[in-house]
Amino acid sequence: MEPLSTTSSQAELLFALGGIGILIGSWFFGRFITAVWRDNPLIWKGRKINNESE
């Protein structure tokens, strides 16, 4: 069995690609959530701000 040997630049490249993959995946997952649950008021209406403090 051949030992696993990676240089630090290879490891850093893999970590960077993994981080980018997590960011892209979370963006697509967020888009999926908003597409599936269209009747969720927290997603579509947002928080109402009370402007009666004048």
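Because the structure is predicted, anything quoted here is derived from the model rather than measured.

Chemist: I'd like to hear about the overall build of the protein chain, residue by residue, with values.
Modeler: Along its length, the protein chain carries 2 helices and 0 strands. Counting over 54 residues, the protein chain shows a buried share of 0%. With the model as given, the accessible surface of the protein chain reaches about 5700 Å², and the carbon-plus-sulfur share is 64%.

Chemist: Describe the packing of aromatic side chains, listing the residues and the values that go with them.
Modeler: Taken as a whole and assessed by the stated rule, the structure comprises 2 aromatic pairs. When the ring of W27 is compared with that of F28, the centres are 4.9 Å apart and the planes differ by 75°; the resulting orientation is edge-to-face. The pair formed by W27 and F28 is uniform in burial state, with each residue classed as exposed.

Calculation notes
Residues numbered from 1 in each chain as written. Predicted model: local features only at pLDDT ≥ 70, side-chain atom pairs only at ≥ 80, totals over all residues. Heavy atoms only, no water. Helix = DSSP H or I, 4+ residues; strand = E, 2+ residues; numbered from the N terminus. Buried < 20%, exposed > 50% of the residue type's maximum accessible area, 1.4 Å probe, protein only. Areas by Shrake-Rupley, 256 points an atom, 1.4 Å probe, with all protein chains shown as cover. Phe/Tyr/Trp six-rings, centres within 6.5 Å; stacked < 30°, edge-to-face > 60°.

Shape descriptors only; they carry no functional weight alone.
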